[in-house]
Every structure is written in structure tokens, then in C-alpha cells.
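Report on the structure
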Amino acid sequence: MKILITGSTGLIGKHLLDHLKGHNLILLTRNPKKAESSLNHLALPHVDFIPDLASFTDFNDIDIIINLAGEPIADKKWTTKQKKIITDSRCVLTEKLVQLCLKSTSPPRCFISGSAVGYYGDNGAQNIDETTEILSSDFAHQICQQWENKALQAESEQTRVCILRTGVVLSPLGGALKKMYLPYQCGLGGPVGDGKQYMSWIHIDDMVLAILHLMEHEESKGIYNLVAPHPVTNAIFSQTLAKTLKRPHFLFTPKIVIKAILGEGAVLLTDSQRIRPKRLVHEGFKFRYSRIESALKQLLS
């Protein structure tokens, strides 16, 4: 198959590419030379790096699109300028991809596009699944909704669209776990605030296998929560991480400190999201790591 991928140099993209070596890959990246260098260790046999979509007038020869590109949402404070960068990096590119799909007489049969559990906002201990209705003016919700709405416009009788509402992806190579590793290793880790807020997470292996599941199953379409079946509170996650690393666990970070550092973006750590992957489970997807204890043990071994 010929697969066009955006965001291929990100945490999920790099891991996914290792499972797609038998396919013809087109990787859209702002810096092809840098991307080629960073992915060189994968020894991809059939790959083209492109800096933009200028060479395409349609997507008639593309079988699948996997759209994972987007400015990291947690790396900088959410200033007005940064919010625009975050929004444009997702929505502008997605709209271009959709327009090329719509111009095709034989469009891609599957369009997989990213989103995040930030769509759901703060819901305390309430169990959330893909059917839960959410009305919110929060930035995280608004950006996810805009991004999803753009991608869903590609849906037709020929193209099925799958939206990935992704939780905290756990990987030793980057993301949240890598940022937490050093302070916890030094005995300085602990929960945020009282730690009662729920955290919906997913092991990087399950994240990639779920994307492959959606690629391969022709009946799969619509919204999917890409999270493990058993979300945990921030306190339990913190205790489990410290225990796995055999380090002390007695500190905590007051919410006021997080808000001072991240501003409005503090919601990424303080909102409570107890989210279930109802649709994946219903389709028979089997998680390798459904419990946080086994996930962290494998990731940190």
C-alpha cells in the first residue's frame, strides 16, 4: 500500500514507522534532510520525504493517510500566539489533506487523523466514552473539535475517517514519561495537587497497534478513544512510578505552582479525565498493557 504520513518524526510516528516497512511510505515533514537523518536507524526500504503537498493535485494513488502532525501542546505556555500556532499546525494542514481527498476520483480508502482526550475537559470521576456529549469553551476542547471537524469532512462512500482521541502516551523515548523520569529517579517525584484527578494513559505499543487495527479493519470508522481500559488517579500513577523505580514518594506539586508555570495549559495536568476505550474493546482489540503496573514495569525495565 502507499501511505502518506504526517508527524512521522514525532513520538508516535517514529514507533509506527517500524511496523510499516513493507509499504510504500510518503513522509510529509518540514525538514526532509533532518527527518531522513533522525529516521535513518529504521532502515526504511520504500520511503520518500516531501516538504509540502505542492506535488499533489489529488490523492488518487494514495491508499491511506495517517495525519499525526501538530505543534506539541504541553511544551510552552498558551499565549495568544502559541494558541494560533497550535491550532494552525493541526487544522490548516488537515484542511489541505481533506481538500486533496475531495478532489480525487479514487480517494484514499482510510483517513486516520489525530485528536486528544483534551476534547472531554474536566469530568471528575465520571466514566467517559466516545458517546459522551461535551459542551465546553476550553481551548483544549475547542482545538480538538476544530481538528476533528476538519478531518471528518474527508468522509465519503470511498473514504472512512478514524479520529484518534489520544491519552497520555507512555514511552521511554519521549513524552510525559521521559520528562518525569529524572525527578522521580532523584526521589523528587509526586502527584500534582491532591492527586485525585484521573489520568487516561496508553502504552506506546498499544497506541501503534490500535492504529494498525484501524487501518486493517474496514468496518472501523468514527471517533476512538486511544487510552488503556483502566485509567488511574494522578496519585496512583505517581505512587506506581516511584515504586517501579524503587524511589521514595512523599513530595507533591501544588496546583498553584503548576498554574504559575503553565498558565491556562495547567489543565493538562489538573483536569480529571476517566476515559474508556469503549469502541476499540467492542471491536475486539486486545491491549497488551491494560494496567499501569505492567505498563510501567515493561517501559522502565
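In what follows, the accompanying structure is described. (Residues numbered from 1 in each chain as written. Predicted model: local features only at pLDDT ≥ 70, side-chain atom pairs only at ≥ 80, totals over all residues. Heavy atoms only, no water.)

Turning next to the pairing of strand 4 (residues 64-67). What you see with strand 4 is no split at all: Ile64 and Ile66 on one side and Ile65 and Asn67 on the other are buried throughout. Both strand 1 (residues 2-6) and strand 4 contribute to a ladder of four bridges, which runs parallel. Each residue of the ladder has a partner; that of leucine 4, found in strand 4, is isoleucine 65. In the sheet, strand 4 pairs with strand 5 (residues 110-116) via four bridges, with the strands oriented parallel. Bridging across to strand 5, isoleucine 64 finds its partner in cysteine 110. With helix 3 (residues 80-102) bridging strand 4 and its parallel neighbour strand 5, the resulting β-α-β unit is right-handed. (Buried < 20%, exposed > 50% of the residue type's maximum accessible area, 1.4 Å probe, protein only. Helix = DSSP H or I, 4+ residues; strand = E, 2+ residues; numbered from the N terminus. Pairing = 2+ DSSP bridges. Right-handed = clockwise from strand over helix to strand, strands pointing away.)

What follows concerns the pattern of salt bridges. Applying the stated criterion across every chain, the model contains 12 salt bridges. Between lysine 21 and aspartate 18 there is a salt bridge whose closest N-O contact spans 3.3 Å. The exposure class assigned to aspartate 18 is partly exposed, which follows from its relative accessible area of 41%. Note that arginine 109 is salt-bridged to glutamate 218, the shortest N-O span being 3.6 Å. Of the two residues, arginine 109 is situated in the loop between helix 3 and strand 5 and glutamate 218 in the loop between helix 6 (204-216) and strand 11 (222-226); the sequence distance between them amounts to 109 residues. Of the residues examined, arginine 109 reaches a relative accessible area of 32% and is grouped as partly exposed. Classification of glutamate 218 by relative accessible area gives partly exposed; the value is 49%. (Salt bridge = Lys/Arg side-chain N within 4 Å of Asp/Glu carboxyl O.)

Moving on to the packing of aromatic side chains. Under the criterion given, the structure shown has four aromatic pairs. When the ring of tryptophan 78 is compared with that of phenylalanine 139, the centres are 5.1 Å apart and the planes differ by 65°; the resulting orientation is edge-to-face. Taken together, the residues span a long stretch of sequence, with tryptophan 78 in the loop between strand 4 and helix 3 and phenylalanine 139 in helix 4 (residues 139-152) at a distance of 61 residues. The exposure classification of tryptophan 78 matches that of phenylalanine 139, with both residues buried. With centroids separated by 5.4 Å and ring planes inclined at 85°, the aromatic side chains of tyrosine 119 and tyrosine 120 adopt a geometry described as edge-to-face. As far as burial versus exposure is concerned, tyrosine 119 and tyrosine 120 are alike and both buried. The ring of tryptophan 147 has arginine 90 lying over it, and the distance from NZ or CZ to the ring centre is 5.1 Å. Here the basic side chain of arginine 279 rests over the ring of tyrosine 224, its NZ or CZ set 4.2 Å away from the ring centre. (Phe/Tyr/Trp six-rings, centres within 6.5 Å; stacked < 30°, edge-to-face > 60°. Lys NZ or Arg CZ within 6 Å of the ring centre and 35° of its normal.)

Of note, glutamate 219 is situated in the loop between helix 6 and strand 11. Residues glutamate 219 and arginine 160, spaced 59 residues apart in sequence, show a C-alpha to C-alpha distance of 8.6 Å.

Another aspect to go through is the sheet that holds strand 1. Reading across from one edge, 3-2-1-4-5-7-11 is the order of the seven strands in this open sheet, with parallel pairing throughout. Lying at the two open borders of the sheet, with one neighbouring strand each, are strand 3 (47-50) and strand 11. Pairs of neighbouring strands in the sheet enclose a mean axial angle of 20°, with direction left out of account. Its contacts with the sheet place helix 4 against strand 4, strand 5, strand 7 (160-166) and strand 11, and it is angled at close to 175° to strand 5. (Axes fitted to C-alpha atoms, helices over the stretch in contact; angles between N-to-C directions. Contact = heavy atoms within 4.5 Å.)

What follows deals with a nonpolar patch on the surface. Where nonpolar side chains cluster on the molecular surface, the patch consists of Leu188, Phe250 and Leu251 and spans about 320 Å² of accessible area. Inspection of the secondary structure puts leucine 251 in the loop between helix 7 (234-244) and helix 8 (255-262). Exposure remark for leucine 251: the relative accessible area of 32% places this residue in the partly exposed category. (Patch = residues over 30% accessible without salt bridge, like charges linked within 9 Å, V, L, I, M, F, W, Y side chains within 5 Å. Areas by Shrake-Rupley, 256 points an atom, 1.4 Å probe, with all protein chains shown as cover.)

Now for the packing of helix 5 (residues 175-185) against helix 7. Running from N to C, helix 5 and helix 7 cross one another at 60°; their axes reach a closest spacing of 11 Å. The way helix 5 lies across helix 7 gives a crossing that is right-handed. Contacts from Leu177, Met180 and Tyr184 of helix 5 reach helix 7 at Phe237, Ser238, Leu241 and Ala242. Tallied by class, residues from the contact of helix 5 with helix 7 come to six nonpolar, one polar and no charged. (Left-handed = near helix turned anticlockwise from the far one by under 90°. Nonpolar A, V, L, I, M, F, W, Y, C, P; charged D, E, K, R; others polar.)

Positive phi outside glycine occurs at alanine 43, with the angle close to 50°. Position of alanine 43 among the secondary structure elements: in the loop between helix 2 (32-38) and strand 3. Looking at alanine 43, the relative accessible area reads 56%, which means it is exposed. Within the chain, lysine 246 stands out as a residue other than glycine whose phi angle is a positive 55°. Take lysine 246: it is sitting in the loop between helix 7 and helix 8.

The next thing to look at is the side chain of aspartate 129. Here aspartate 129 is to be found in the loop between strand 6 (127-128) and helix 4. Setting aside chain neighbours within four positions, we find aspartate 129 in contact with Tyr120, Asn225, Arg276 and Lys278.

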